[in-house]
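Okay, here's what each chain looks like letter by letter:
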Amino acid sequence: MSKYPHGEIEKKWQAIWAETGLFRLDIRSARPKYYCLMMFPYPSGELHVGHGRNYIIGDALARFKKMEGYELLAPMGWDAFGLPAENAAIQHDIHPAKWTRDNIAKMKRQFIDWGVVYDWTREVTSCQPEYYKWTQWLFLKLYHAGLAYRKAASVNWCPSCKTVLANEQVIDGQCERCCTPIEERYLEQWFLKITEFADKLLEELDGLKEWPERVITMQRNWIDRSFGVQMEFRIKGTDRSLQCFTTRPDTIYGATFMVVSPEHPEAARLAARSPRQKEIRRALDQFIADKRSGKARTEPSKEGLFLDAYAENPMTGEDIPIYVAPYVLMEYGTGAIMAVPAHDQRDFEFAQRYQLQIREVIRPADGSSTLPHAAYVGEGLIVNSGPFDGLDSRDAIQRVASEFEARGIGRRTVNYRLRDWLVSRQRYWGAPIPMVHCPSCGVVPVDEKDLPVLLPEVVDFRPRGDGKSPLATNEKFRTVACPKCGGPAERDTDTMDTFVDSSWYFLRYLSPHADEKPFDRELVNRWLPVDQYVGGVEHAILHLLYARFIVKFLHAQGLVGFSEPFARLFTQGMVCKDGIKMSKSKGNVVSPDTLIARLGADTMRLYILFSGPPERDIEWNDESVEGCHRFLNRVWRLFCEHNDVIGQAITGAIKYDTLSENERVLFRKTHWTIDRMLADIADNFHFNTAISAAMELSNNMTSFAETAAITPGSNAAKALRFAFDALIRLLAPMTPHFSEELWQRMGHTGSIFDERMPQADACYVTRETFDLVIQINSKIRARVCVPAGTAAEELREIALSHQRVKELLADKHPQQVIVIPNKLVNIVVR
Ligand SMILES: [Zn+2]
Ligand SMILES: [Zn+2]
């Protein structure tokens, strides 16, 4: 019995696909377009099967779409700048450029081995000058639009990566890349004004119907828009006031104290007026030092200090004490809050600690208040609030806001959690920021015609930790003539966050070699939004938010004709082994090379697609891998055993009413399988259930072949070949080498991927069908498979329009047509 020779077959087809350019885009094609995009990876080195999952899902999807008749764009590139490459290069003591090149070569080899095909003529690599020239161009565009600006601020500093990070790169107070607790530093840095697009980024989420709900929710929460009131509290004994923002103006009568951030300018000013000046000053310094060393973030404290000052509650007229405490952050809101301890848990704990007044102003109608044990944060009736008593708290929000506005001490406003995107990095391996600092002109942008600002090759690229980039030590790079006045000036020596590189790469694939423009406007307008984007959920906020921002910016500039880049998003689950995510550091990786050598790439692909819904995590199971291999071998053997009949083209169509019962069952099962598999794949790529259906069909085929007399040209041979033909085409996206080989052995000359998917006939798909007997003058003339419960009128039509009936009737007009539902139609003629 011949075994499926996977090694030989896989190599053969990989070479043919490369030679014929299987996925090479025909940009002039008239077919409907399908842009299938995988998130381009960091060239991190060798991939294990866990990494392989999303590429395999993407490849199966691309092949499927091609077989549905789309003109396919399936490109691949490299997110090649950034910390991963640089850290690895430092660790291995080679230059990041070489490290990146070597890894790209390795990963390309792996894609080929897995049967994962891309249009490599469109490859983009973000660390190449012909690419990052346009990343710098994008920065200049943002700058000229007033959306790239420099600001001195407290920023997130990773002491291990020795660079600043964007807020989005800080997860639970730790560096997104290396999990080191973040410190704060005060530095002057470049920011991109993503907040300008906050409303659009939020509102246009509603249109992303084909995005996973959890990604939408994460973005919504990250932007976190809140409507509220910005209000003023006069500071007693001064002519100054404190500004604060609240979403709950309805609780104003419960504001019994105020708290400012240690960094708030009033904290130092009020301290200076206090008889305890020294003591307060010392505490402020300590709070700030703790915060900047990262302590304050990891151990949020309820500590605070009275500033010996009072503000006036503008509604009650009462004097309320002003405290300073690190739990109020300068970066959020105004750096000062009105504290309502009865209705805010943090304020409640603070009030308890310092024995401050807690005044209930909202009482739930059902008596479910959590006071006096904890703050009550829900809605209810307003109490203890003078003219607002008895109002529903939701109405009171508007009434109090109007009162503030009428008195000119507050205004309705919108607040966001989203902050501007900090893009300066004090690291070598990135696109240099195309700006110049001139002693007489200040900050001057590099001329567009002078791009790219090349990243110098030879430099001590190790991070320094003093807040300066390694590029600062490179005299030749640093010194430059000012683009404005020509005088001696210095280049900006920071590089850009690598997420700037990846914020626009999907536009570049349409014209990857154009050296006079970043992207071809006409082509991107035709091919975008991306039809299907596939990648990890870890980018839900970072990459996906930034890419949406940049596209909205380009749209606002009239440079692209769409404002959302990705119509449909799919985020695949992880591959786990022994209950934890497969990773090199956990020592639980499965090497694809060994697996492929033993069982073949198609087995690996089939297993990965079969082992669970693609959006869920899967647990690696060696036995199940073997099971997939056995399945392929069974199909292979079935073909070899019946090569003589399956390998022969079917002559003439299959006439259902001439089939035996056994043949009909297989014929119907084939239609059912086609219908089921196409629907499963179309429905969020549930390859797993599609593969089960294929396995079911193959079992039916095997038992059919064991019992039926399959002679060349017989109905049995036709039914078996029909089933085989469908099975091979349906499996092709999952097991491409295997299917190509069998397709060829069935006598076809072209690639199976130039074929269409088989189509199911609805009438045979319905599991509940019956054979309608068609009689003429009570003599059986034909049988047709129809869905059970078909209406009498329709049965009549089916019978009268049947080819054989028409022939027999010729020009005779039926005198009477008798229909017995679910059974027969008898046509009476004279
Ligand atoms: Zn780090
Ligand atoms: Zn100048």
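Scroll up a little and you will see the structure.
Scoring rules and cut-offs
Residues numbered from 1 in each chain as written. Chains lettered and ligands numbered in written order. Predicted model: local features only at pLDDT ≥ 70, side-chain atom pairs only at ≥ 80, totals over all residues. Heavy atoms only, no water. Helix = DSSP H or I, 4+ residues; strand = E, 2+ residues; numbered from the N terminus. Buried < 20%, exposed > 50% of the residue type's maximum accessible area, 1.4 Å probe, protein only. Contact = heavy atoms within 4.5 Å. Areas by Shrake-Rupley, 256 points an atom, 1.4 Å probe, with all protein chains shown as cover. Lys, Arg positive; Asp, Glu negative; His and termini not counted. Charge placed at Lys NZ, Arg CZ, Asp CG, Glu CD. Donors = N, O, S within 2.8 Å, 3.2 Å for Na, K, Ca; no water. Tetrahedral: all angles 85-135°; square planar, octahedral: opposite > 155°, others 65-115°. Salt bridge = Lys/Arg side-chain N within 4 Å of Asp/Glu carboxyl O. Expected span 1.5 Å × (residues − 1). Pairing = 2+ DSSP bridges. Axes fitted to C-alpha atoms, helices over the stretch in contact; angles between N-to-C directions. 1 Å grid on protein atoms, 1.4 Å probe; cavity = no way out; pocket = protein on both sides within 12 Å on 5 of 7 lines; lining within 4 Å. Points joined across faces, edges and corners; volume = space filled by probe spheres on them. Nonpolar A, V, L, I, M, F, W, Y, C, P; charged D, E, K, R; others polar. Polar contact = N/O pair within 3.5 Å; in protein donor to acceptor, adjacent residues only side chain to side chain. Parallel < 35°, antiparallel > 145°, perpendicular 65-115°, else oblique. Left-handed = near helix turned anticlockwise from the far one by under 90°.

K.L.:
Just to check I follow, could you spell out the overall build of the chain for this structure?
P.N.:
Scanning the chain for helices and strands turns up 28 helices and 34 strands. Along the three orthogonal principal directions, the C-alpha set of the chain runs to about 115 × 70 × 50 Å. Within the chain, the fraction of its 830 residues that count as buried is 56%. Pairs at least 24 apart in sequence give 73% of the contacts found in the chain among residues at least 6 apart. Carbon and sulfur atoms provide 49% of the accessible area of the chain, an area that totals close to 34,900 Å². Looking at charge distribution, the chain has the averaged site of its 103 positive side-chain charges lying 2 Å from that of its 108 negative ones.

K.L.:
Got a minute to help me understand the coordination of the zinc ion (ligand 1) in this structure?
P.N.:
Geometrically, a metal with four donors at the corners of a regular tetrahedron has ideal angles of 109.5 degrees, and one with six donors at the corners of a regular octahedron has ideal angles of 90 or 180 degrees. Within the protein, the atoms that donate to the zinc ion (ligand 1) are Cys 158 (SG), Cys 161 (SG), Cys 175 (SG) and Cys 178 (SG), at distances of 2.2 to 2.3 Å. The coordination sphere of the zinc ion (ligand 1) comprises four donor atoms, whose angles at the metal cover 100 to 118°; the geometry is tetrahedral. Between consecutive donor residues of the zinc ion (ligand 1), the sequence gaps follow C-x2-C-x13-C-x2-C. With Cys 158 in strand S5 (residues 148–158) and Cys 175 in strand S8 (residues 174–175), this pair connects stretches of sequence that are 17 residues apart. Per residue, the accessibility class of Cys 158 equals that of Cys 175, and both read buried.

K.L.:
Looking at this structure, I do not really get unusual backbone geometry. What am I missing?
P.N.:
Where the residue is not glycine, phi is negative for most of them; where a peptide bond is considered, it is trans in most cases. With omega at 5°, the peptide bond leading from Leu 371 into Pro 372 counts as cis. Counting through the fold element by element, Pro 372 comes out in the loop between strand S16 (362–363) and strand S17 (381–382). Of the consecutive residues Leu 451 and Pro 452, the connecting peptide bond is found in the cis state with omega at 0°. In this structure, Pro 452 sits in the loop between strand S22 (442–445) and helix H13 (475–478). The phi torsion at Asp 308 lies on the positive side, around 60°, for a residue other than glycine. Among the secondary structure elements, Asp 308 is positioned in strand S13 (residues 305–312). Positive phi, normally seen in glycine, also occurs at Ala 810, with a value near 50°. A residue is classified by how much of its surface remains accessible, and Ala 810, at 57% relative accessible area, is exposed.

K.L.:
For this particular structure, what's the right way to read the pattern of salt bridges?
P.N.:
Oppositely charged side chains may form a pair once their charged atoms are brought near each other. Taken as a whole and judged by the stated rule, the model has 50 salt bridges. The closest approach of N and O atoms between Glu 204 and Lys 552, which form a salt bridge, is 2.5 Å. With Glu 204 in the loop between helix H6 (198–203) and helix H7 (213–223) and Lys 552 in helix H17 (residues 542–556), this pair connects stretches of sequence that are 348 residues apart. In this structure Glu 204 comes out as partly exposed when scored by relative accessible area, which is 22%.

K.L.:
Is there a simple way to think about helix H23 (residues 687–707) in this case?
P.N.:
Helical periodicity: at 3.6 residues per turn, an α-helix aligns residues three or four positions apart in one direction. Its 21 residues give H23 an end-to-end C-alpha distance of 30 Å, which sits within 8% of 30 Å, the value for a rise of 1.5 Å per residue. Where H23 is concerned, the buried positions are Phe 687, Asn 688, Ala 690, Ile 691, Ala 693, Ala 694, Met 695, Leu 697, Ser 698, Met 701, Phe 704 and Ala 705. In the core, the buried residues of H23 are packed alongside helix H2 (49–67), helix H19 (601–610), helix H20 (622–641), helix H22 (661–682) and helix H24 (715–731).

K.L.:
Can you help me understand the sheet that holds strand S32 (residues 779–787) in this one?
P.N.:
As a general point, the strands of a sheet are linked pairwise by backbone hydrogen bonds and lie either parallel or antiparallel. Strand order in the open sheet formed by four strands is S32-S31-S34-S33, with mixed pairing between adjacent strands. In this open sheet, the two strands that pair with only one neighbour each are S32 and strand S33 (816–820). Sheet twist, expressed as the average angle between the axes of neighbouring strands with direction ignored, equals 15°. When strand S31 (residues 769–776) meets S32, the two strands line up antiparallel, connected through eight bridges.

K.L.:
What exactly am I supposed to notice about the coordination of the zinc ion (ligand 2) here?
P.N.:
The protein atoms donating to the zinc ion (ligand 2) are Cys 438 (SG), Cys 441 (SG), Cys 482 (SG) and Cys 485 (SG), with metal-donor distances spanning 2.2 to 2.3 Å. Angles of 108 to 113° at the metal separate the four donor atoms of the zinc ion (ligand 2), which places the site in the tetrahedral class. Its relative accessible area of 26% is what places Cys 441 among the partly exposed residues.

K.L.:
Any chance you could explain empty space enclosed by the protein here in plain terms?
P.N.:
Where empty space is left can be seen by rolling a probe of water-molecule size over the atoms. Following the criterion strictly, the structure yields two cavities of 30 Å³ or more and no others. Each pocket or cavity is described by its volume, and for the largest cavity that value is around 170 Å³. What lines the largest cavity is a set of 19 residues, and nearest its centre among them are Gly 82, Leu 83, Arg 425, Asp 497 and Thr 498. The set of elements that each furnish at least two residues to the lining of the largest cavity consists of helix H3 (83–92), strand S25 (495–496) and helix H14 (498–501). It is H14 that contributes the most residues to the lining of the largest cavity, three residues altogether. Per-class residue counts for the lining of the largest cavity are eight nonpolar, five polar and six charged.

K.L.:
Please explain the side chain of Arg 721 as it appears in this structure.
P.N.:
Take Arg 721: it is sitting in helix H24. No salt bridge is formed by the buried Arg 721; the nearest opposite charge belongs to Asp 725, separated by 4.9 Å. Polar contacts involving the side chain of Arg 721 include one to the main-chain carbonyl oxygen of Met 746, which spans 3.2 Å.

K.L.:
Please explain H22 as it appears in this structure.
P.N.:
With 22 residues, H22 ought to run about 32 Å at 1.5 Å a step, and its terminal C-alpha atoms sit 32 Å apart, in line with that. Asn 684, located one to two residues past H22, shows a positive phi value of around 55°.

K.L.:
Looking at this model, I keep getting lost on the sheet that holds S5. Mind explaining?
P.N.:
With antiparallel pairing, the four strands of this open sheet are ordered in space as S6-S5-S9-S19. Of all strands in the sheet, those bounded by a partner on one side alone are strand S6 (163–165) and strand S19 (421–422). The pairing of strand S9 (residues 183–192) with S19 spans two bridges and is antiparallel. Note on S19: the bridge partner recorded for Leu 192 is Trp 421.

K.L.:
Is there a simple way to think about the environment of Ala 597 in this case?
P.N.:
Note that Ala 597 resides in helix H18 (residues 592–599). Along the sequence, Ala 597 and His 6 sit 591 residues apart, while their C-alpha atoms lie 8.8 Å from each other.

K.L.:
What am I meant to see in the environment of Val 170 here?
P.N.:
Along the polypeptide, Val 170 turns up in strand S7 (residues 170–171). Considered as a pair, Val 170 and Pro 129 are 41 residues apart in the sequence and their alpha carbons are 29 Å apart.

K.L.:
Just to check I follow, could you spell out the packing of H19 against H20 for this structure?
P.N.:
When two helices pack together, their arrangement is given by the angle between their axes and by how far apart the axes lie. Their axes nearest at 9 Å, the elements H19 and H20 cross at an angle of 120°. Here H20 runs oblique to H19, going by the angle between their axes. Considering the relative orientation of H19 and H20, their crossing is right-handed. Residues Asp 602, Thr 603, Leu 606, Tyr 607 and Phe 610 of H19 form the contact with H20, whose own contacting residues are Ser 624, Val 625, Cys 628, His 629, Phe 631 and Leu 632. Along the lines of polarity and charge, the residues of the contact of H19 with H20 split into seven nonpolar, three polar and one charged.

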